[in-house]
Every structure is written in structure tokens, then in C-alpha cells.
Amino acid sequence: MCKAFPPSLPQLLIEDAVRAALLEDLGRAGDITTNATLPEDAIANAGLSSREAGTICGIDFARTAFALMDPKLKITALVRDGARVEPGEDIARIEGNARAILSAERVALNFLMHLSGIASYTAKFADLIAHTNARVCDTRKTIPGMRAFAKYAVKCGGGSNHRFGLDDAILIKDNHIAVAGGVAKAILAARAYAGHLVKIEVEVDSLKQFEEALSVGADVILLDNMTPELLEKAVKINAGRAKLEASGNIAFDTIKAIAETGVDYISSSKITMAAPTLDIGLDIEIK
């Protein structure tokens, strides 16, 4: 189970996404394979189970897919989002109309496998730095239209969320700095523009830029592609004044050393863009 159990996503968001996915899959004529081969009144028991170890995310997506196909289906979740599972472990049971179960199967599994993959990949990173105070966090590199769900999956895996979009926090990057005329100028301009509740983060790639960012009161400083040795120096210079985020070259074999430098956050697009799906299957028994 993840350290802090993530809050549930709004059901309306889930239902809209699942409904669109079902419409995409069912097309104009519905599931012609299932309708052609199964009697209309056939009843089945089905089980969702994990084929490999991982962290589950997307139970409500699967539940919604089956419920939209047939509200009379009985759906019993056996684990919650954020749960760690072993190979062969049952995740949920579905009982009712066989046609509805099979027609919703792929949409339910697509959401469940993709989101559980992100949660599982995040958990692997989080486990490697659990002995430190650093937190692994995501980025805006997500599949378009899936960001809220991907970031929820990151939380299920024990990670933290970075900004959700361009409108909820200021992140000054190298191109902003180049046009603005320097780190300090960019931060001061952002401070004059933003409301008092908006956090200002700036990306730096040298200790000189880092000290400049500190001198004008950046809330968060992103230390881009710095070695652990440079990160340690930055942490010492910082002395707790700003939150520090490390980014670049984040991998299973590098994150431990980065976390042990004392940075607060380690951001990586890999947890949302490179995570493999978790292998989950649906096994059915016709009554």
C-alpha cells in the first residue's frame, strides 16, 4: 500500500473517459463477435487477476466500464487502488450477463493495466529512496487527455504530483531565462505577475544560476542534470531556504544516489511515459 492513500478521482471524470472508450470500441454495431456467439441471456462469473507483481490503480475505471455496459452486473473489488499484489492474485470479481462482461472487458483492462503500470513503475522508484526524505514526482509529460488519471496513478504508487498544467504554478525554464535576460530578471518578473498563492520554480543548470535564483527568493529550484556532487553542494548552499528538485538522468540505478544528496524532490517523465503496463487478465466461467 502506498504511504498516503490517494483520494478518489471524481466519478464524472472517470465516467466520461470510460464512456468515450466504450463508444470507440463498440462502434456502430456493438460487439458483433460476442453477440454472434453467446446467447443473449448467458450468465457468467469472471475474475480479474494480476499476472505479475505490481501496484494496482484503476479499480473504479474497470468497475465503471462493466456498470455502463450493464448496471445489473455484480462487481466486487477485492483490492483497493494503491494495493501491492502478487502474481495470480485476484483483483475483482464480476457476475452477470456474459455479453456485457465480454464487451466491457478490453476497455476495463486497458485502463486498469495502463494505470497500474504507472503506479507500479512509480512504486519501484519510491521504494529505492524510501530511506530518504526525497519524493519522486511526475511531470507534464503525459498522454493528452489522461493527465489527471496518470497523476492519480503516480500517487497510488507512492509518488508526488508536480504541477498539473501551465496555469497552477510557474516553472521558469531555460528558454524563458534566455528571452527574459537572466535568472533573476525572470523570477522578479514572475513575482510581479503572479498572485501570492502561486509558487515560482526556476530551472538552473549551474551553481552560479542556482545562487542567483536563491538571491531573489525562488520558492523551488530545479537542478537540471547535475551530478550528485553538485547536488550536495547546492543542498549545502541552500540551507533550507528553497525546496530543491533534481531532474535529468533519473533511472533505477541513479535515483538512490540523487536522493541521498538531500534534495526534496526528484522529477522524472519516465514514470508516466516509459512505464510498461501491468499484465492483468480476465478469466471467465460460463454458467
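Up top you'll find the structure we're talking about.
Residues numbered from 1 in each chain as written. Predicted model: local features only at pLDDT ≥ 70, side-chain atom pairs only at ≥ 80, totals over all residues. Heavy atoms only, no water.

> Honestly, the packing of helix H7 (residues 183-193) against helix H8 (residues 207-215) in this entry has me stumped. Any pointers?
The relative placement of two packed helices comes down to the angle between their axes together with the axis-to-axis distance. One way to put it is that H7 packs onto H8 with a least axis distance of 9 Å and a crossing angle of 30°. Here H7 is positioned roughly parallel relative to H8, judged by the angle of their axes. As H7 runs across H8, the sense of the crossing is right-handed. The segment H7 lies against H8, with Val183, Ala184 and Ile187 engaging Gln209, Glu212 and Ala213. Split by residue class, the contact of H7 with H8 holds 4 nonpolar, 1 polar and 1 charged. (Axes fitted to C-alpha atoms, helices over the stretch in contact; angles between N-to-C directions. Helix = DSSP H or I, 4+ residues; strand = E, 2+ residues; numbered from the N terminus. Parallel < 35°, antiparallel > 145°, perpendicular 65-115°, else oblique. Left-handed = near helix turned anticlockwise from the far one by under 90°. Contact = heavy atoms within 4.5 Å. Nonpolar A, V, L, I, M, F, W, Y, C, P; charged D, E, K, R; others polar.)

> What am I meant to see in the packing of helix H4 (residues 98-128) against helix H5 (residues 147-156) here?
The geometry of H4 relative to H5 is characterised by a closest axis approach of 7 Å and an angle of 40° between their N-to-C directions. Relative to H5, the element H4 is oriented oblique. Seen from above, H4 lies across H5 with right-handed handedness. Of H5, the residues touching H4 (which contributes Leu115, Ile118, Ala119 and Thr122) are Phe149, Ala150, Ala153, Val154 and Cys156. Its residues assigned to classes, the contact of H4 with H5 comprises 8 nonpolar, 1 polar and no charged.

> What is the right way to read the pairing of strand S1 (residues 43-50) from this model?
On a regular strand, each side chain points to the face opposite its neighbour's, so the side chains alternate between the two faces of the sheet. Along S1, 7 of the 8 residues are buried, which leaves the element largely enclosed by surrounding structure. Sheet analysis places S1 next to strand S5 (residues 90-97), joined by 7 bridges and oriented antiparallel. Across the sheet, residue Ala44 finds its bridge partner in S5, namely Gly96. (Buried < 20%, exposed > 50% of the residue type's maximum accessible area, 1.4 Å probe, protein only. Pairing = 2+ DSSP bridges.)

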